[in-house]
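Close look at the chain arrangement
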Amino acid sequence: MTREIRVYGLSHHGTPVSVRERLASGEHRVIDDLGRLVDGGALDEGVLLSTCNRVEVVATTSDAREARRQVLGYFNQRAAPERVESYVYEYDGLEAVKHLFRVASGLDSMVLGEPQILGQVKEAYATATKVGSTGTLLSRCFDRSFKVAKRVRSETGLAAGNVSISSIACELAEKIFGDLVRRRVLLVGAGKMSEAAARSLTARGAELTVVNRNPERARSLAEACGGRPRPLEALATELAEADVVISSTAKEGYVITHELMQGVVKMRKFRQLFLIDIAVPRDIDPRVDGLRNVFLYDMDDLKRVSHANMSARERAASDAEAIIGQEVAEYGKWLDSLELTPTIVALRNRVREVVLREKDKALPRLGSLDARQAKALNGLCESIVNQLLHAPLTRLKQDSSSGEPGDGMALVEAVQELFALDVDTPGRAAPDPSKSRAAAGERESMAEASSELATAESRARRS
Amino acid sequence: MGLLTLIFSLTGLAYAASCGLFFVHLTRGKESAVRGGTRLLAAAIATHAAYLAGDFLLENRDPTADIYQVLVLLSLLISVAFLLSMRRARLSVLGAFITPIALVLFLSAGLRGSVPPVPEGVRSALLPVHIAVNVLGIVAFALAFATAVAYVIQEKLLRSKQVVGTFQRLPSLDVLDSFGLKLVTIGFPLFTLGMVSGSFWAVKLGGDPTHLTTGQGFAVLAWVFFAGVLLSRAAAGWRGRRAAIGTMLGFLCSLAALGGYLLRSAGGS
């Protein structure tokens, strides 16, 4: 039975947050859960990816039914009392590889092209490596997924342009002021979004002042964001000093009026001021935008930027899909080669074994041979092996390296069948299904097989 | 085609191609375009220098021989100054504004007609100094002009909320404003020295200091604009759009002053 990569998961595509939040795990929990999953016996290798938007088990198994049962059992246990069967999606073979590549590249994310997911996939793989639940297939698959994600980022515009309001606020502030270190950010009122934007700006080195009608609220917000509180009465003075103002009050009518800003602009002389009005209804009189060196962006403006960037990402998504298609095909070819290498080694061993056995049988009849004659006989045997195998091996390799992944496998399987070759590869089920946590020796055995094959090829070329 | 004409054509082509690539970088944000543009600009500078050297060695014309030679020298120095400042200030995107200036100044030297050389009586030790300080001043103003154009575009984009799509590689307003001011501060004393030395020289040759030619008139106007930019900055904190427009007008006047000299030379007066 062929061992193949499978993905079982639940994500923001169709799974309600009430279920996802039950399944989300921290690193320690992931280590325990992954250990238990692999110890269950059906998974040969496994990686558990757990974020707020998705929980996925990427595994290799030769017993798909049992693996499914165990993974669903795990999901149901975590989501209890909810049942997850109707939410779970499942991919196998190259579809699973494609899914992983899409996830790592941000194509399957809630916010298309968001970069955090790559870090989360890397973290999940690192944790699995720590647990010892990765082997040849998953290691290669994850390594490849990181490279694919990097390629997608550098060759397409999938991750270009910010789409979150706070990132856009920072980007615009940087377009005006460049470096934000020691720039003064004034937060007027409170609100989750304005707080997030203020935090993003202060994370870039800006200094924060919080003005609020409620002094208590101003103090607590300033403490939480590392700023200083000021009463609402100090608004005009603070506006004169600020570089960036984020306003988000619940007040009806304008908090920052045109008249107020006219006075402020005079005090500021010609210094630029960037005003961000996140409040609905608006806090800042839109006429302020016409004042000298004042730039005003309201919620609609910020959303327009976000939508434009998102549209650009959507246009880039088809390029990203094309890259992923190429990379999946490459991975498929590598999978095929995993089957091919041990088959070639086994075939060569089988033929050599026959030739040497016949040579040993003939030796007594030849009488005593001197060193030169013995060397010539050995050379003859090697030459027979190499010449006999040259054409079939060339054909096998040609078939596996051309066409679609999997095309050359029919011939490989035919050779295995015809010559009764007992081949154990990472892409095949082991004869003894007793599972170890990870096929730790697989890389070494594959390396040995490849090295033996290279030696044999060089011999064939010489003969 | 003579060797110098060939080098002249190659230089012009390299400038034009470099200009195209910098423009692609500005509008489409392609990094490969800026690398190509920079390499082509470096190649243009090399052939440009070869052209000047060839002119000096083969035609025995030094870079201060006439106004056309001065233009060739000026465009070379503008390109070199840009290449150096671009590395320091990461302002490669300004190449889209600088390379056309260098190209136009360089090509205008190709209009060279039968210009009479500077009369012996006019030649003095002061002439190279007068030309050098003026040229260096205008080099700084040319870079300041490109910076000011970028500032005006960036400000316009931010005001009209066009912050996605083309021209997104422009530096921040603050960087452009500071860099522009620095350049005007460097260029202004040099240009002033050029004007003072020019007046001194003109008076010494018996000219009337109260009578200005068109070129001199524009030079005075350019000086007034740049002085205005610096003074209003120091006195009233002028910056941003107004300073950028003042800088642009100042540079255009200094170009017009050069144009005046060109016309005068072409007319032989």
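All residue numbers refer to positions counted from 1 along the written sequence of the respective chain. Chains carry letters and ligands carry numbers; both start at the beginning, A for chains and 1 for ligands, and go up in the order they are written. This being a predicted model, a pLDDT of at least 70 is required before a residue's local features are given, and a value of 80 or more before pairs of side-chain atoms are given or counted; all residues contribute to the totals for chains, interfaces and linings. Side-chain measures here rest on the full set of heavy atoms in the structure, leaving out hydrogens and waters.

1. Here we look at the overall build of chain A
- Runs of H or I in DSSP of at least four residues are treated as helices and runs of E of at least two as strands, each being numbered from the N terminus. A tally of helices and strands in chain A yields 15 helices and ten strands.
- Out of the 463 residues in chain A, the part that is buried amounts to 50%.
- A sequence separation of at least 24 residues applies to 73% of the contacts in chain A between residues at least 6 apart.
- Working definition of accessibility: Shrake-Rupley area with a 1.4 Å probe, residue cover restricted to the visible protein chains. For chain A, the accessible surface area stands at approximately 21700 Å², while carbon and sulfur atoms represent 52% of it. Note on classification: 1.4 Å probe, protein chains only; a residue is buried when its accessible area is under 20% of the maximum for its type, exposed when over 50%, partly exposed between these limits. Contact between two residues is taken to exist if any of their heavy atoms lie within 4.5 Å; hydrogens are not considered.

2. What to know about helix α8 (residues 192-203) of chain A
All names here are of chain A.
- Under the convention used throughout, the expected extent of a helix is 1.5 Å for every residue step, that is, one less than its residue count. An ideal rise of 1.5 Å per residue puts 16 Å on twelve residues; α8 measures up with 16 Å between its terminal C-alpha atoms.
- Looking only at α8, the buried set comprises S194, E195, A197, A198, S200, L201 and T202.
- On its buried side, α8 packs onto α7 (165-177), β5 (184-189), β6 (207-212), α9 (215-225) and β8 (244-248).
- Where α8 terminates, the next one or two residues include G205, which has phi positive at roughly 100°.

3. Structural notes on the interface of chain A and chain B
- Taken together, the 23 residues of chain A in the interface contact 21 residues of chain B.
- Taken together, the two surfaces of chain A and chain B that pack against each other cover about 1800 Å², and 52% of this comes from carbon and sulfur.
- When the buried area of chain A at its contact with chain B is split by residue, K175, F270 and F295 of chain A rank highest and sum to 37% of it.
- The rule for a salt bridge is simple: a side-chain nitrogen of Lys or Arg has to be within 4 Å of a carboxyl oxygen of Asp or Glu. Applying the counting criterion to the chain A and chain B interface returns four salt bridges.
- In this structure, the salt-bridge partner of K161 of chain B is D289 of chain A, at a minimum N-O distance of 3.2 Å.
- Counting of polar contacts relies on pairs of N or O atoms within 3.5 Å, with two restrictions inside protein: one atom must be capable of donating a hydrogen and the other of accepting it, and residues adjacent in sequence are counted only when both atoms are side-chain atoms. Taken together, the links from chain A to chain B amount to 13 residue pairs in polar contact (both at pLDDT 80 or more). Accessible area, probed at 1.4 Å, shrinks when two parts are joined; the buried area is that loss added up over both.

4. What about the confidence of the model for chain B?
All names here are of chain B.
- What pLDDT reports is the predictor's confidence in each residue, on a scale of 0 through 100. When pLDDT is averaged along chain B, the result is 84; 89% of the residues meet or exceed 70.
- Across chain B, the secondary-structure element scoring lowest on mean pLDDT is helix α3 (residues 67-89), at 84, and the one scoring highest is helix α5 (residues 126-159), at 90.
- Across the interface, the model reports ipTM at 0.83; the global pTM reads 0.70.

5. Here's the deal with empty space enclosed by the protein
Residues and elements named next belong to chain B.
- Here a cavity denotes a set of grid points, spaced 1 Å apart and computed over the protein atoms alone, in which a 1.4 Å probe fits but from which it cannot get out, and a pocket denotes an open set meeting protein on both sides within 12 Å along at least five of seven lines; residues with an atom within 4 Å of a point are reported as lining. Grid points are joined across faces, edges and corners, and a volume is the space filled by probe spheres set on the points. In total, this model carries two cavities of 30 Å³ or more according to the counting rule given.
- What lines the largest cavity is a set of 15 residues, among which D177, G180, L181, A244 and T247 lie closest to the centre.
- Secondary structure elements with two or more residues in the lining of the largest cavity: α5, α6 (173-204), α7 (214-236) and α8 (241-267).
- Of all the elements, α6 adds the most residues to the lining of the largest cavity, at five residues.
- Amino acids outside the nonpolar list (Ala, Val, Leu, Ile, Met, Phe, Trp, Tyr, Cys, Pro) and the charged list (Asp, Glu, Lys, Arg) are all regarded as polar, and Gly is one of them. Split by residue class, the lining of the largest cavity holds nine nonpolar, four polar and two charged.

6. Examining the sheet that holds strand β2 (residues 45-50) of chain A
Residue and element names in this part refer to chain A.
- A pair of strands counts as paired when DSSP detects no fewer than two bridges linking them. Reading across from one edge, β2-β3-β1-β4 is the order of the four strands in this open sheet, with antiparallel pairing throughout. What marks the edges here is a single partner per strand, and that holds for β2 and β4 (89-92). Within this sheet the neighbouring strands show an average axis-to-axis angle of 15°, counted without direction.
- Two elements, strand β1 (residues 4-11) and strand β3 (residues 54-61), share eight bridges in a ladder whose sense is antiparallel. Bridge pairing links V7 to V58 in β3.
- The axes are straight lines fitted to the C-alpha atoms, using for helices just the contacting stretch, and the angles between their N-to-C directions are given from 0 to 180°. Most of the contacts of helix α4 (residues 93-105) go to β4, to which it runs at about 115°, and overall it touches β1, β2, β3 and β4.

7. Description of unusual backbone geometry
Residues and elements named next belong to chain A.
- The linkage connecting A80 with the following residue, P81, adopts the cis geometry, with an omega of 10°.
- As for its position among the elements, P81 is in the loop between α3 (64-79) and β4.
- Residue V280 is joined to P281 through a cis peptide bond whose omega torsion reads 0°.
- Mapped onto the fold, P281 is located in the loop between β9 (273-277) and β10 (294-298).
- Its identity is not glycine, yet N293 carries a phi of approximately 60°, on the positive side.
- Mapped onto the elements of the fold, N293 is located in the loop between β9 and β10.
- Relative accessible area serves as the criterion here: at 3%, N293 is assigned to the buried category.
- Not every positive phi belongs to a glycine, and A420 is a case in point at roughly 50°.
- Of the residues examined, A420 reaches a relative accessible area of 54% and is grouped as exposed.

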